[in-house]
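Here's the letter readout for the chains.
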Amino acid sequence: MERSLSVGGVSSSMSFRGFLHALQEAGHLEEVDRPVSPSLEAAALSVGAGPLLFNNVDGKKCCMNLLGTRDLLARALGIPREDMAKALAEIDLAGGWIREVDSSPFMEAVGEPDLTALPILTHFRGDGGPYITSGIVVSAFGGKTNASVHRMMVLGKDRVAARLVPGRHTSMLLQEALAAGERLPVGIVIGVDPLVLIAASTRVPLGMEFQYASALSGSPVELVALDNGVFVPSAEIAFEGYIDGERASEGPFVDITGTRDFPRMEPVIHLSKMMTREVPIYHALLPSGGEHKMLMGVPYEPLIFRAASEVAEVKNVLLTEGGCSYLHAAVQIKKRSEAEPGKVIDAAFEAHKSLKHVIVVDEDVDIYSPEELEYAVATRVKGDEDMVLYPNVRGSTLDPRSVDGITTKVGIDATMTLGEEEKFLRVRPVLPEGRTF
Ligand SMILES: C=C(C)CCOP(=O)(O)O
Ligand SMILES: [Mn+2]
């Protein structure tokens, strides 16, 4: 039965509802009207599904999987999926611009924070609690600002514990504020334009996330000032709050590897105000699901592409599905010297600090095919000469084999030896002259 998307007004392409409407128009959005529980059921129903809009999660609207595949990500970006890494690597951050506005749709309903009023999902048995998984935390201190996605475990109706990885921008701004004896003012937005979410999921220079979002879209990103001075983009749901020195146990949480990340004492975000659209659509992101990988992993591909292009002619970069779209990278180059693959390996590790293994291959290897990558390893790698190991280095805290992030990184040069291509190139059957099937 054809239905108009029950999500209200549609604005520009630079909007959450604009994207949702476009998916519905294209027949890519499945609506579920029956009651669905926020505890385990919604998450389980989303596995393997396409974009979903649940219209009754405890009586509220909740969408999932909006950017769950490379095709959906490519649709949001307006870039063909196979060109994504290269095209994003060429985006000029400075090309974006910000427009300050006085109001935002999330100001339709303003009141005391009450997280129990939102369909915040508990995704897996054993999780530490319900988790906000698509929330962008915007923080500002000392004239500097940052916007990044952090998993947030609900502690109560107006408090969450946020996993803030030490050394990253939000954690650094918090340390600065606390060192000055102050709180870190924050805004949290949920249900934002996909390009804003992609930009906030990308490791860009401090304070450049919204410029990047604007450069991705070619139109300005509108920001509105919260009472605490933090500027946030349009959203379905927004919170104003602050982080002080309080910490609480955060976790367990199933993260991008699909394995449990165990509890740590993490900063508490205190919420002081909640703002929503009249009938907000909550955006839930399934941990370790496709959308999680598209947003947390894929944005590293252009960073690796750009860094590796400094030392080689890079054709493509892929964070492979088998590597959780996070721990493994395949870099395809047109090799010009035997030294290049080693330099590409180092550039990749520098561009993506959580990367664990990287393989460098030639143009004739399809990096989207696990079998092709294995073929390159099987026929073009001599283990003692073509692999480089970096023991006891900082990888990902999410890697179950690491000791809180400390691991051994491995780079694999699976390229053909220059001048000896004849013995590596695969011979393909061809029809005799003039013969056809
Ligand atoms: C999602 C999280 C906890 C970020 C993990 O950061 P990493 O340990 O640097 O890979
Ligand atoms: Mn940042």
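Residues numbered from 1 in each chain as written. Chains lettered and ligands numbered in written order. Predicted model: local features only at pLDDT ≥ 70, side-chain atom pairs only at ≥ 80, totals over all residues. Heavy atoms only, no water.

Caption draft 1: Region of interest: the nonpolar core. The biggest cluster of nonpolar side chains holds 50 residues, and the ones touching the most others in it are Leu66, Leu67, Leu77, Ile136 and Ile198. Within the residue set of this core, elements represented by two or more residues are α1 (16-25), α3 (70-77), α4 (84-89), β7 (136-141), α6 (194-200), α7 (209-217), β12 (221-225) and α8 (290-296). Element by element, the count of residues in this core is highest for α6, at six residues. Ignoring anything within four residues of it in the chain, the contact list for Leu66 reads Phe16, Phe19, Leu20, Leu23, Leu29, Pro51, Leu72, His283 and Glu291. (Core = buried A, V, L, I, M, F, W, Y, C linked by side-chain atoms within 4.5 Å. Buried < 20%, exposed > 50% of the residue type's maximum accessible area, 1.4 Å probe, protein only. Helix = DSSP H or I, 4+ residues; strand = E, 2+ residues; numbered from the N terminus. Contact = heavy atoms within 4.5 Å.)

Caption draft 2: View of the packing of helix α9 (residues 300-308) against helix α10 (residues 340-351). Direction vectors running N to C along α9 and α10 enclose 140°, while the axes themselves pass 8 Å from each other. Here α9 is positioned oblique relative to α10, judged by the angle of their axes. Classified by chirality, the crossing of α10 by α9 is right-handed. Across the interface between the two elements, Tyr300, Leu303, Ile304, Ala307 and Ala308 from α9 touch Val344, Ala347, Ala348 and Ala351 from α10. Residue composition of the contact of α9 with α10, grouped by class: nine nonpolar, no polar and no charged. (Axes fitted to C-alpha atoms, helices over the stretch in contact; angles between N-to-C directions. Parallel < 35°, antiparallel > 145°, perpendicular 65-115°, else oblique. Left-handed = near helix turned anticlockwise from the far one by under 90°. Nonpolar A, V, L, I, M, F, W, Y, C, P; charged D, E, K, R; others polar.)

Caption draft 3: Structural context of the sheet that holds strand β3 (residues 60-64). Read across the open sheet, the four strands follow the order β1-β2-β3-β18; overall the sheet is mixed. Strands with a single pairing partner mark the edges of an open sheet, and in this sheet they are β1 (30-32) and β18 (281-283). Shown here is a sheet whose adjacent strand axes are inclined to one another by a mean of 25°, direction ignored. Pairing analysis gives four bridges linking strand β2 (residues 52-57) to β3, with the strands arranged antiparallel. Bridge assignment links Phe54 to a residue of β3, and that residue is Cys62. (Pairing = 2+ DSSP bridges.)

Caption draft 4: Just the UniProt feature "domain: 3-octaprenyl-4-hydroxybenzoate carboxy-lyase-like N-terminal" (unreviewed entry) in the protein, in detail. UniProt annotation of "domain: 3-octaprenyl-4-hydroxybenzoate carboxy-lyase-like N-terminal" (unreviewed entry) refers to residues 21-90 when read in the numbering used here. Between the end C-alpha atoms of residues 21-90 there is a gap of 29 Å, over a span that is 36% helix and 20% strand. (UniProt positions renumbered as here; feature names shortened; annotations may be inferred.)

Caption draft 5: Quick peek at unusual backbone geometry. Geometrically, the link from Gly251 to Pro252 is a cis peptide bond, its omega value of -5° lying close to zero. Looking at the element boundaries, Pro252 is found in the loop between β14 (237-250) and β15 (253-254). You will see that Leu40, though not glycine, has its phi angle at about 75°, which is positive. Along the chain, Leu40 turns up in the loop between β1 and α2 (41-46). Overall, the relative accessible area of 22% leaves Leu40 in the partly exposed class. Although it is not a glycine, Ser288 sits at a positive phi angle of roughly 70°. Tracing the sequence through the fold places Ser288 in the loop between β18 and α8.

Caption draft 6: Examining the site of ligand 1 more closely. For ligand 1, the full set of nearby residues is Arg151, Arg163, Val165, Arg168, Asp255, Met296, Tyr326, Ser354, Arg394, Ser396, Thr397 and Leu398. Arg394 is positioned such that a nitrogen or oxygen atom in its side chain is 3.2 Å from an oxygen atom of ligand 1. For ligand 1, the protein covers 92% of the area, taking 320 Å² as the surface of the free molecule. Among the residues forming the shell around ligand 1, the class breakdown is four nonpolar, three polar and five charged. Both domains that furnish three or more residues to the shell around ligand 1 are identified here as domain 1 (4-294) and domain 2 (299-417). (Near = heavy atom within 4 Å. Polar contact = N/O pair within 3.5 Å; in protein donor to acceptor, adjacent residues only side chain to side chain. Areas by Shrake-Rupley, 256 points an atom, 1.4 Å probe, with all protein chains shown as cover. Domains from an automatic or database assignment.)

Caption draft 7: Main features of the domain arrangement of the protein. In terms of domain boundaries, the protein breaks down into domain 1 (4-294) and domain 2 (299-417). Here the C-alpha centroids of domain 1 and domain 2 sit 30 Å apart. In this complex, domain 1 contributes 23 residues to the contact, which on the side of domain 2 involves 23 residues. Note on domain 1 versus domain 2: buried area summed over both sides is about 2,000 Å², and carbon and sulfur give 56% of it. (Buried area = accessible area lost by both parts, 1.4 Å probe.)

Caption draft 8: Inspection of the pattern of salt bridges at higher detail. Under the defined criterion, the tally for this structure stands at 33 salt bridges. We note a salt bridge from Asp127 to Arg260, for which the minimum N-O separation is 3.7 Å. With Asp127 in the loop between β5 (109-111) and β6 (131-132) and Arg260 in strand β16 (residues 260-261), the pair connects residues that are 133 residues apart, well separated along the chain. Between Lys293 and Glu321 there is a salt bridge, with the nearest N and O atoms lying 3.8 Å from each other. On the criterion of sequence distance, the pair formed by Lys293 in helix α8 and Glu321 in the loop between β19 (313-319) and β20 (328-334) is long-range, its members being 28 residues apart. Overall, Lys293 belongs to the buried group, its relative accessible area being 13%. (Salt bridge = Lys/Arg side-chain N within 4 Å of Asp/Glu carboxyl O.)

Caption draft 9: Region of interest: the coordination of the manganese ion (ligand 2). On the protein side, the manganese ion (ligand 2) has Asn146 (OD1), His169 (ND1) and Glu209 (OE) as donor atoms, found 2.1 to 2.3 Å from it. Sequence spacing among the residues donating to the manganese ion (ligand 2) works out to N-x22-H-x39-E. Highlighted residues: His169 in helix α5 (residues 169-179) and Glu209 in helix α7, separated in sequence by 40 residues. Under the relative-accessibility criterion, His169 is labelled partly exposed at 22%. (Donors = N, O, S within 2.8 Å, 3.2 Å for Na, K, Ca; no water.)

Caption draft 10: Highlighting the state of the cysteines. According to the stated counting rule, one finds zero disulfides in the structure shown. With no disulfide of its own, Cys63 has Cys62 as its nearest cysteine by sulfur position, at a separation of 6.4 Å. For Cys63, a relative accessible area of 0% corresponds to the buried category. (Disulfide = S-S within 2.5 Å.)

Caption draft 11: Main features of the sheet that holds β19. Ordered by their spatial adjacency, five strands build an open sheet running β19-β20-β21-β23-β22, and the pairing between neighbours is mixed. Only two strands of the sheet have a single neighbouring strand rather than two, namely β19 and β22 (387-394). Adjacent strand axes in the sheet meet at a mean angle of 15°, parallel and antiparallel pairs treated alike. Bridge count for strand β21 (residues 357-361) against strand β23 (residues 406-413) is four bridges, and the pairing is parallel. Paired with Val358 across the bridge in β23 is Gly411. The strands touched by helix α11 (residues 370-380) are β20, β21 and β23; relative to β21, the strand with the most contacts, the crossing angle is about 75°.

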